[in-house]
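Given next are the chains, with one letter for each unit.
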Amino acid sequence: MSATMAPDRGSLDDLPPPYPPEAVEEAEHDVKYLPEGRHFTFRGVAAGLLVGLIICFSNMYFGLQTGWISMMTMPSSLLGFGIFKALSRHLSFPFSPVENVLVQSVAGGMAIMPLGCGFVGVIPAMEYLLKPSEQGPIHLSMWKLIIWSLGLCYFGVVFAVPLRRQVIIREQLKFPSGFSTAVLIGVLHGKGRTENGAALDTSKAATFGSLALENRPLVLTENPNDEENSVDPTDESSPIETEKKYSWSSNIRLLLITFGVSGFYTLCTYFFPILRNLPIFGTVAADTWLWTLNPSLAYVGQGIIMGPSTTIHMLLGAVVGWGILSPIAKYRGWAPGSIDDWESGSKGWIVWTSLAIMLADAVVSLSYIAFSPLLKHGPSFLATLKQQFQHSGFKGLLVRQRNDYIAVRASEDDSRPSIATRSSVDADNVPNLPSPAVERRNPFDTRPVDPQRVWDEDDAPPEQLVGSKTVSIGLVASVLFCIASIHITFGNLVPLYATVIAVFMAMLLSIMGVRALGETDLNPVSGISKLAQLFFALIIPQSHKSSVLINLVAGAVSEAGALQAGDLMQDLKTGHLLGASPKAQFWGQIIGATVGAVVSALIYRLYTAVYEVPGDLFQVPTGFVWIFTARLVTGKGLPYMAREFAIGGAILFAFFTALRTKAIGKSWHAYIPGGIAVAVGMYNVPSFTLARTIGGLLNWYWRIHLRREDTPLIVLASGFILGEGFLSIINLLLQSSHVPHL
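Everything numeric here is computed off the predicted structure, so don't read it as measured data.

Conventions adopted
- Residues numbered from 1 in each chain as written.
- Predicted model: local features only at pLDDT ≥ 70, side-chain atom pairs only at ≥ 80, totals over all residues.
- Heavy atoms only, no water.
- Helix = DSSP H or I, 4+ residues; strand = E, 2+ residues; numbered from the N terminus.
- Buried < 20%, exposed > 50% of the residue type's maximum accessible area, 1.4 Å probe, protein only.
- Contact = heavy atoms within 4.5 Å.
- Phe/Tyr/Trp six-rings, centres within 6.5 Å; stacked < 30°, edge-to-face > 60°.
- Lys NZ or Arg CZ within 6 Å of the ring centre and 35° of its normal.
- Disulfide = S-S within 2.5 Å.
- Core = buried A, V, L, I, M, F, W, Y, C linked by side-chain atoms within 4.5 Å.
- 1 Å grid on protein atoms, 1.4 Å probe; cavity = no way out; pocket = protein on both sides within 12 Å on 5 of 7 lines; lining within 4 Å.
- Points joined across faces, edges and corners; volume = space filled by probe spheres on them.
- Nonpolar A, V, L, I, M, F, W, Y, C, P; charged D, E, K, R; others polar.
- pLDDT = per-residue confidence, 0-100.

K.L.:
Mind showing me how you'd approach the overall build of the protein here?
P.N.:
Of the regular secondary structure elements, the protein holds 27 helices and zero strands. The buried share of the protein, reckoned over its 742 residues, is 55%. A fraction of 80% describes how many contacts in the protein between residues 6 or more apart in sequence connect residues 24 or more apart.

This is how it looks when you write it as structure tokens:
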């Protein structure tokens, strides 16, 4: 919690002229304080690990089915709040917003490990899809799985720390999900404010603790007579509070109900497997062309979170892939096998077109992200260089001008107002300026300002930042550990130089991933991994016996780095807005990633030991995408006519992706097909896509047609997803016990 009132300044009579009476009120309201609460607690870490375990099971389950996972940051905050609210009578100190930030940071670091460590794509490709001629299949023991996952889980987290100052403090990128999570945490703790149907104002997301410092008590919670938690209805500055009361308990109740309903449906699917494939278009379309509906509430929930635009584009991919290309390939004899055969059927034939679309989308979108800063700032930079050259010759290009730069302190971040807000004229005087809080006080009040609480600057206090020494040592150690873990796992099959290049390329690509996430709320990890695979196809000879395996490892490392850096940056944005300690979030992520890496390896081996992989339940489509991409870029043969359609799809969606990048912020942006969404709709069977489309349409109906706020909808979707994902453990136990289906 935060306070916005300054200490008592005395009576108005104590203020001599020229200070008017309103000066006191203005001074008192301008002084800002650091949010109260403990930033790092063992109970917060424990709650985060518990929530992360539930999400980790869910993500592994759905990842092996379709390749889709979710960080679930908002549900993590809601679950963490619910846990501590239920235990409030037994707490020795209150559960604060900054501690909630820790909970969701730990849970998020743990939740992404099924994808970050490759358990939903790369590892199945290595264990089940690599051919003997490609040095496969490679079956990894449990301890090698753990070593591999631990090696991949650190360097992305550490590398995100030095990026924080640039993208959050200086450029102030939006990170919409991080902003939304901060608003939700503020509302849960009775310190935030939302408006019916209104878009979140990310322009307020600027300085450290900006949301916490602007908070006001919001609405009634459980007790209508509790004056501490209520709003004065006569307060005209809060017109919406009296119209709609926010109750955390209603959302917790909704989450539990949807969790139970989805879990019950999951149990029913074990005894009645037909529920996973309803022939809504007739038996011919279902048996011959795989057009069925899986009415899973979890997939409906995924569609709700994805939104109408993405799900409609996925449906377009399903129609083109399974309704047009698949019948053509079958009838022309290009894919003579069974439709659902990855090797000789149209299921494997159309995936090449989807791969080409993904590669084209990745190259164009990431190139735009990489070169747009150069195009934006290049002319002014060249003009500055020209001016310095004309003034001082070559010496002016090499020597920094004293008035243009301010030295950053030894700690990792400079906690003063961002350089972008200062003029070069005042630069020399900035280090000697008093705190803004001191300046705004009544000059006749000689009482000292508490240096631990008063804070009115763009960044966190130095003691709450991750030090540069920690970052340097951690980055070197995590990179060396990653290289060593890959060598221990694969031995001489993966050369040392290839691993080193893969790690450093992963850090470079993670910068683009973080920027994309901050600007668009989408982390293009699939595109980043495909770009890494394409690059390694150019530097590793096709004659190398392990070229396909090396290609898979390189892509996995890049995906891990980009995913972890993006996840931590979203969490850091949330913490930045609420005044949480970046150091506490960093160590929370490290703990969550460590436990998540080990737990993910155990869950993966548990599922693969009980179920057939690939099989009816776990088709691991992303595993086929990984292996097919590796074979494509390393020059392996493509099925007949697949090359021509792949090239056509790549050209078409290179144009569409370029058009989408120019249309960002325009009203017609959503109508341009997105390459990744279309490709996902093509390589997943229609049953998944149809259910997600239903969810996307529900999202549109709720948000656009009814104009309701997002939070209940997100809670509903999260309950559906977590219910099926976690209750699938019961199905796993039934399967391992050989309980018969009905």
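Having seen the model, we can carry on.
K.L.:
Where do I start with the packing of aromatic side chains in this structure?
P.N.:
What describes a pair of aromatic rings is the distance from one ring centre to the other and the angle between the planes of the rings. Evaluated as defined, the whole model comprises 28 aromatic pairs. Plain terms: the ring middles of F57 and F726 are 6.0 Å apart, the flat faces sit at 90 degrees to each other, and that makes the pair edge-to-face. Residue F57 is located in helix 2 (residues 42-66), and its partner F726 is located in helix 27 (residues 711-736); the two are separated by 669 residues in the primary sequence. Clustering of aromatic rings is evident, with ring pairs tying together Y61, F62, Y299, Y607, Y611, F618 and F688. Above the plane of the ring of W626 lies K530, whose end atom (NZ or CZ) is 4.4 Å from the centre. Between the NZ or CZ atom of R708 and the centre of the ring of W702, over which it lies, the distance is 5.3 Å.

K.L.:
Sorry, what's going on with the state of the cysteines here?
P.N.:
Working definition: the covalent bond between the sulfur atoms of two cysteines is a disulfide. All told, the structure shown has zero disulfides when counted by the stated rule. Left unpaired, C56 is separated from the closest cysteine sulfur, that of C117, by 8.9 Å. With a relative accessible area of 0%, C56 lands in the buried category.

K.L.:
Could you clarify how one ought to interpret the nonpolar core in this entry?
P.N.:
For soluble globular proteins, the rule of thumb is that nonpolar side chains tend to be buried together. Among the nonpolar cores identified, the biggest contains 165 residues, and M126, F490, V553, V557, M569 and Y607 are the most heavily contacted of them. With 15 residues, the single largest contributor to this core is helix 21 (residues 547-578). Grouped together as the second largest cluster of nonpolar side chains are ten residues, V101, F179, A182 and L578 included.

K.L.:
Looking at this model, I keep getting lost on the layout of surface pockets. Mind explaining?
P.N.:
A probe as big as a water molecule, rolled over the atoms, marks out the empty space that is left. Approximately 920 Å³ is the volume found for the second largest pocket. What lines the second largest pocket is a set of 31 residues, among which N277, G615, D616, L617 and Q619 lie closest to the centre. Mapped onto the lining of the second largest pocket, the elements with two or more residues apiece are helix 2, helix 11 (248-271), helix 12 (283-289), helix 26 (686-705) and helix 27. Residues belonging to the lining of the second largest pocket are distributed by class as follows: 14 nonpolar, eleven polar and six charged.

K.L.:
Mind showing me how you'd approach the environment of L297 here?
P.N.:
Here L297 is to be found in helix 13 (residues 297-306). Expressed as a C-alpha distance, the spacing of L297 and G695, which sit 398 residues apart in the sequence, is 8.8 Å. Once you skip the residues sitting within four places of it in the chain, L297 turns out to touch V261, S262, Y265, F720 and E724.

K.L.:
Would you explain the confidence of the model for the protein in this entry?
P.N.:
Where the model shows low pLDDT, its predicted coordinates should not be examined in detail. Looking at the protein, pLDDT values average 78 and 77% of them are 70 or higher. Within the protein, helix 17 (residues 436-440) has the poorest average pLDDT of any element, 37, and helix 7 (residues 142-152) the best, 95. Every residue in residues 213-246 is under pLDDT 50, and counting partners more than four places away or in other chains gives 52 contacts. Across residues 401-452 the pLDDT falls below 50, and counting only partners more than four positions away or on other chains, this stretch makes 81 contacts in the model.

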